[in-house]
Amino acid sequence: PPLYKQRYEFVKDLVRKYKPKKVADLGCADCTLLWMLKFCSCIEVLAGLDICAAVMKEKMHRLTPLPADYLEPSERSLTVTLHQGSVAHKDPCMLGFDLVTCIELIEHLQDSELEKFPEVVFGFMAPSMVVISTPNSEFNTLLPGVTVFRHPDHKFEWDRAQFQSWAQDTAQRYDYSVEFTGVGNPPTGMEDVGFCTQIGVFVKKYPQTREPVLCEKPTEAAYKTVSILLF
Ligand code: SAM
């Protein structure tokens, strides 16, 4: 399967394993991952955030409830919310999530945004689990036609040492543990370069024993609500 599908399947497998109830996808683009996750019956709340409202709206219709969702109402209810805004800003709508996914997002962030990202995601949103994927630049020599970056909008592409040192620093600062894996196997004989996409799975070390209290972290809304769908 194509690489993007392998990334989405990786997230789906994690969801099947850990059964988070509330999942937020940051940099959700055309909402394909959210659309796939709506079929995971453990999920009750799905949220998408992207800086670009137009790309979110492109295929948003796929997320709307189908007639069958009403004819055969399931036990669980599902709420999907889409927000336009930047991961460099805190908004209380992102509090209380179990899993936050950032698939191929960080390499699109400007220096100033990347600097704020850990405090927003790990410090403020503080979910039990965070998944971050990004290209592994060591794989680029195997990709035909790639001279500098895989995509013109990439601000950087990290090798495994660079990603792992950033991830470990971040994990340590916010009391998370992190493990590394990836998708996109290198060809036989080239295993040294590692996965095409590198992935860090962060788990909070001291999970909160009580529900997060909103007034503990007073912040005004920074994102614009694009849509709310109820199933
Ligand atoms: N996660 C999707 C996937 O894996 O297919 C899309 C990844 S796409 C390469 C990166 C997305 O991040 C784009 O939709 C872009 O608009 C969004 N993005 C870039 N900077 C952002 C920011 N500061 N805050 C939120 N989203 C941002």
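Residues numbered from 1 in each chain as written. Predicted model: local features only at pLDDT ≥ 70, side-chain atom pairs only at ≥ 80, totals over all residues. Heavy atoms only, no water.

### Some thoughts on the sheet that holds strand β7 (residues 197-204)
- An order of β6-β7-β5-β4-β1-β2-β3-β8 is seen for the eight strands of this open sheet, with the pairing classed as mixed. The outermost strands of the open sheet, each flanked by one partner alone, are β6 (176-183) and β8 (224-230). Pairs of neighbouring strands in the sheet enclose a mean axial angle of 15°, with direction left out of account. (Pairing = 2+ DSSP bridges. Helix = DSSP H or I, 4+ residues; strand = E, 2+ residues; numbered from the N terminus. Axes fitted to C-alpha atoms, helices over the stretch in contact; angles between N-to-C directions.)

### Brief notes about the site of the ligand
- Near the ligand there are 15 residues, and of these Y8, G27, D50, S86 and I103 occur at the shortest range.
- Interatomic distance of 2.8 Å between a backbone N/O atom of G27 and a nitrogen atom of the ligand.
- The backbone of I103 places a nitrogen or oxygen atom 2.8 Å from a nitrogen atom of the ligand.
- Taken by itself the ligand offers 600 Å² of open surface, and the protein chains cover 82% of this.
- Tallied by class, residues from the shell around the ligand come to eight nonpolar, four polar and three charged. (Near = heavy atom within 4 Å. Polar contact = N/O pair within 3.5 Å; in protein donor to acceptor, adjacent residues only side chain to side chain. Areas by Shrake-Rupley, 256 points an atom, 1.4 Å probe, with all protein chains shown as cover. Nonpolar A, V, L, I, M, F, W, Y, C, P; charged D, E, K, R; others polar.)

### What to know about the nonpolar core
- Grouped together as the largest cluster of nonpolar side chains are 34 residues, with contacts concentrated most on L26, I106, F117 and I132.
- Looking at this core, the elements that each hand over two or more residues are β1 (22-26), β2 (45-50), β4 (99-103), α5 (111-125), β5 (129-135), α6 (160-173) and β6.
- The element that contributes the greatest number of residues to this core is α5, accounting for seven residues.
- Among all residues touching I106, those that are not within four sequence positions of it are L114, F117, I132, T134, F156, W158, F163 and W166.
- If you look at the next biggest cluster of nonpolar residues, it comprises 29 residues, including C28, L34, C42 and V80. (Core = buried A, V, L, I, M, F, W, Y, C linked by side-chain atoms within 4.5 Å. Buried < 20%, exposed > 50% of the residue type's maximum accessible area, 1.4 Å probe, protein only. Contact = heavy atoms within 4.5 Å.)

### Describing the layout of surface pockets
- In this structure, the largest pocket encloses a volume near 520 Å³.
- Surrounding the largest pocket, 27 residues form its lining, G27, A29, D50, E104 and L105 being those nearest its centre.
- Of all the secondary-structure elements, those providing two or more residues to the lining of the largest pocket are α1 (3-18), β1 and β2.
- Per-element accounting of the lining of the largest pocket gives the leading share, three residues, to α1.
- Per-class residue counts for the lining of the largest pocket are 14 nonpolar, five polar and eight charged. (1 Å grid on protein atoms, 1.4 Å probe; cavity = no way out; pocket = protein on both sides within 12 Å on 5 of 7 lines; lining within 4 Å. Points joined across faces, edges and corners; volume = space filled by probe spheres on them.)

### Focus: α6
- For α6, built from 14 residues, the straight-helix expectation of 20 Å at 1.5 Å per residue is met to within 8% by its first-to-last C-alpha distance of 20 Å.
- Inspection of α6 places F163, W166, A167, T170 and A171 among the buried residues, and these make up the whole buried set. Summarising the axial view, the buried residues of α6 lie within an arc of 130°, below the 170-degree limit, and thus occupy one face. Turned more than 90 degrees away from the buried face of α6, the exposed residues are A161, Q172 and R173.
- Packing partners of the buried residues in α6 comprise α5, β5, β6 and β7. (Expected span 1.5 Å × (residues − 1). Arc of directions from axis to C-beta.)

### Looking at the environment of W158
- Secondary-structure assignment places W158 in the loop between β5 and α6.
- Considered as a pair, W158 and S137 are 21 residues apart in the sequence and their alpha carbons are 5.4 Å apart.

### Section: the pattern of salt bridges
- Tallying each qualifying case throughout the model produces six salt bridges.
- The salt bridge involving R16 is made with D13; its shortest N-O contact spans 2.7 Å. Within this pair, R16 and its partner D13 are both found in helix α1, separated by three residues, close to a single helical turn.
- By relative accessible area, which is 42% here, R16 ends up partly exposed. (Salt bridge = Lys/Arg side-chain N within 4 Å of Asp/Glu carboxyl O.)

### Points about α1
- Here α1 contains 16 residues, and its C-alpha end-to-end distance of 23 Å stays within 8% of the 22 Å for a straight helix at 1.5 Å per residue.
- Of all the residues in α1, the buried ones are R7, Y8, F10, V11, K12, L14 and V15.
- In this structure, the buried residues of α1 make contact with α2 (32-37), β4, β5, β6 and β7.
- Positive backbone phi, approximately 50°, marks K19, located one or two places after α1.

Limitation: the analysis is restricted to geometry and does not speak to function.
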